[in-house]
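Here's the letter readout for the chains.
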Amino acid sequence: MSVHADIKRITVPQLMAYKGQKKIVSLTSYIAPFARILDEYMDMILIGDSTAMVGYNMDDTLSITVDQLAAHAKAVVSSTRRACIVVDMPFGSYQESPEQAFRNAAKMLSVSGADAVKFEGGEYLAETTRFLVDRGIPVLAHIGLMPQYVNTMGGFKAQGLSEEAANRIFNDAIAQEQAGAWGIVIEGTAEPLARRITQNVKIPTIGIGASPECDGQVLVAEDIFNLSGSRIPKFAQQFSDVQATIRQGVEAYASQVRDGSFPTLNHCFGVPKNG
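Residues numbered from 1 in each chain as written. Predicted model: local features only at pLDDT ≥ 70, side-chain atom pairs only at ≥ 80, totals over all residues. Heavy atoms only, no water.

Undergrad: With reference to specific residues and values, describe the pattern of salt bridges.
TA: Under the criterion given, the structure shown has 6 salt bridges. A salt bridge links Arg-82 to Asp-43; its shortest N-O distance comes to 3.9 Å. With a gap of 39 residues between them, Arg-82 in the loop between helix 4 (66-78) and strand 3 (84-88) and Asp-43 in the loop between helix 2 (32-38) and strand 2 (44-47) connect regions that are remote in the sequence. Overall, Arg-82 belongs to the partly exposed group, its relative accessible area being 28%. Overall, Asp-43 belongs to the buried group, its relative accessible area being 8%. In this structure, the salt-bridge partner of Glu-191 is Arg-195, at a minimum N-O distance of 2.6 Å. (Salt bridge = Lys/Arg side-chain N within 4 Å of Asp/Glu carboxyl O. Helix = DSSP H or I, 4+ residues; strand = E, 2+ residues; numbered from the N terminus. Buried < 20%, exposed > 50% of the residue type's maximum accessible area, 1.4 Å probe, protein only.)

So this is what it looks like as structure tokens:
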């Protein structure tokens, strides 16, 4: 008789309890093959709006939709058993009002089965965070460099480098914590600022180009696997050259098809067995 231990998915409260205990490890994924592998090692998988750039070759994250991200999130959820699954709210789906944000976040979670949503914005969106949390939707805040604000920020530029900017972003973090966010992604900020935020909030901070002192780290998977082309940010280290492996396999396949060595009769059906 075999006994199969139930694998329970990591919950938002469990991730909150990591604060000061152990680091949160996270990567992005938007397709099943990646998600299945990541699930063995990640505490959290993010279906990021970065899917627009790495999955659809768009110039920025502004054009992807709720329906697209919900479909990708559903694929990731159905392919995983362990990691907590968080999905981005895309541009234009939450900024108008708390009510708009709730409708789209509720749709996102009900369609995909994800555990929480993430959206970009600080103090000015604290009311929206509170509105969602009070209605049962866990919110992961995102401050600092916010890709959905690329047009007003003048590009993908590091944030919090001046005292005024650092104080504003610090206040964003405090406001989001007080509004009920369960954690804060800090992207592309001055390291001392990210460290200061981490030391002054009671919820986990997850860095991406922020500080080693953050309570966790997240990166875009394609960036660390050499699958993002030439668009590799400073804060991403290449941990594996998956592109080279894929190229090698594709080259071998193409060569064998062209020289007739693939397929063989062993790959065919209805072939009589010898003897």
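Undergrad: Any chance you could break down unusual backbone geometry for me, citing the residues and the numbers?
TA: Glycine aside, residues mostly have negative phi angles, and peptide bonds mostly take the trans form. Between Phe-262 and Pro-263 the backbone carries a cis peptide bond, its omega angle lying at 0°. The residue Pro-263 is located in the segment after helix 11 (242-259) in this model. Of note in this structure, Asn-57 is not a glycine but carries a positive phi near 60°. For Asn-57, the location among the structural elements is in the loop between helix 3 (51-54) and helix 4. Phi at Asn-226 takes a positive value of approximately 60°, unusual for a residue other than glycine. Looking at the element boundaries, Asn-226 is found in the loop between helix 10 (221-224) and helix 11.

Undergrad: Could you give an account of the packing of aromatic side chains, naming the residues involved and the relevant values?
TA: Summed over the entire model, instances satisfying the criterion amount to 5 aromatic pairs. Ring centres 6.4 Å apart and planes at 65° place the aromatic pair Tyr-124 and Tyr-149 in the edge-to-face group. One end of the pair, Tyr-124, is in the loop between strand 4 (116-120) and helix 6 (126-134); the other, Tyr-149, is in the loop between strand 5 (139-144) and helix 7 (150-153), with 25 residues separating them in the sequence. The interplanar angle of 65° and the centroid separation of 6.1 Å between the aromatic rings of Tyr-253 and Phe-262 together place this pair among those described as edge-to-face. Look at Phe-262 and you get partly exposed, because its relative accessible area is 30%. One cation-aromatic arrangement involves Arg-135 over Phe-131; the distance from NZ or CZ to the ring centre is 3.5 Å. Between Arg-196 and the ring centre of Phe-170, over which it is positioned, the NZ or CZ distance is 3.8 Å. (Phe/Tyr/Trp six-rings, centres within 6.5 Å; stacked < 30°, edge-to-face > 60°. Lys NZ or Arg CZ within 6 Å of the ring centre and 35° of its normal.)

Undergrad: Could you give an account of the state of the cysteines, with specific residues and numbers?
TA: Going through the model one piece at a time under the given rule, you end up with 0 disulfides. This cysteine, Cys-84, is not joined by any disulfide, and Cys-214 carries the nearest cysteine sulfur, 18 Å off. Classification of Cys-84 as buried rests on a relative accessible area of 0%. (Disulfide = S-S within 2.5 Å.)

Undergrad: Residues and numbers for the layout of surface pockets, please.
TA: Counted as a void, the largest pocket has a volume near 660 Å³. Put simply, the parts of the chain that give the lining of the largest pocket at least two residues each are helix 3, strand 4, strand 6 (183-187) and strand 8 (216-219). Along the lines of polarity and charge, the residues of the lining of the largest pocket split into 16 nonpolar, 10 polar and 8 charged. If you add up the space inside the second largest pocket, you get close to 250 Å³. Lining of the second largest pocket is provided by 15 residues; of these, Ser-26, Leu-27, Gln-217, Leu-219 and Phe-239 occupy positions nearest its centre. Contributing elements (two or more residues each) for the lining of the second largest pocket: strand 1 (24-28), strand 7 (205-208) and strand 8. Counting residues per element, the lining of the second largest pocket draws most heavily on strand 1, at 4 residues. Residue classes in the lining of the second largest pocket are distributed as 10 nonpolar, 5 polar and no charged. (1 Å grid on protein atoms, 1.4 Å probe; cavity = no way out; pocket = protein on both sides within 12 Å on 5 of 7 lines; lining within 4 Å. Points joined across faces, edges and corners; volume = space filled by probe spheres on them. Nonpolar A, V, L, I, M, F, W, Y, C, P; charged D, E, K, R; others polar.)

Undergrad: Explain the pairing of strand 2 residue by residue, including any values.
TA: Side-chain alternation along strand 2 places Met-44 and Leu-46 on one buried face and Ile-45 and Ile-47 on a second face that is also buried. Two strands pair when backbone bridges link them, and strand 1 and strand 2 are joined in this way by 3 bridges, in the parallel orientation. When the bridges of strand 2 are listed, Ser-26 appears paired with Met-44. Crossover connection from strand 1 via helix 2 to parallel strand 2: handedness right-handed. With 4 bridges joining them, strand 2 and strand 3 adopt parallel strand pairing. Looking across to strand 3, one finds that Ile-45 is bridged to Ile-85. (Pairing = 2+ DSSP bridges. Right-handed = clockwise from strand over helix to strand, strands pointing away.)

Undergrad: So what's going on with the side chain of Ser-29? Which residues, and what values?
TA: Topologically, Ser-29 is positioned in the loop between strand 1 and helix 2. Separated by 3.2 Å, the side chain of Ser-29 and the backbone oxygen of Ile-31 make a polar contact. Beyond its immediate stretch of four places on either side in the chain, Ser-29 contacts Phe-34, Ala-35, Leu-38, Ile-45, Leu-46, Ile-47 and Val-76. (Polar contact = N/O pair within 3.5 Å; in protein donor to acceptor, adjacent residues only side chain to side chain. Contact = heavy atoms within 4.5 Å.)

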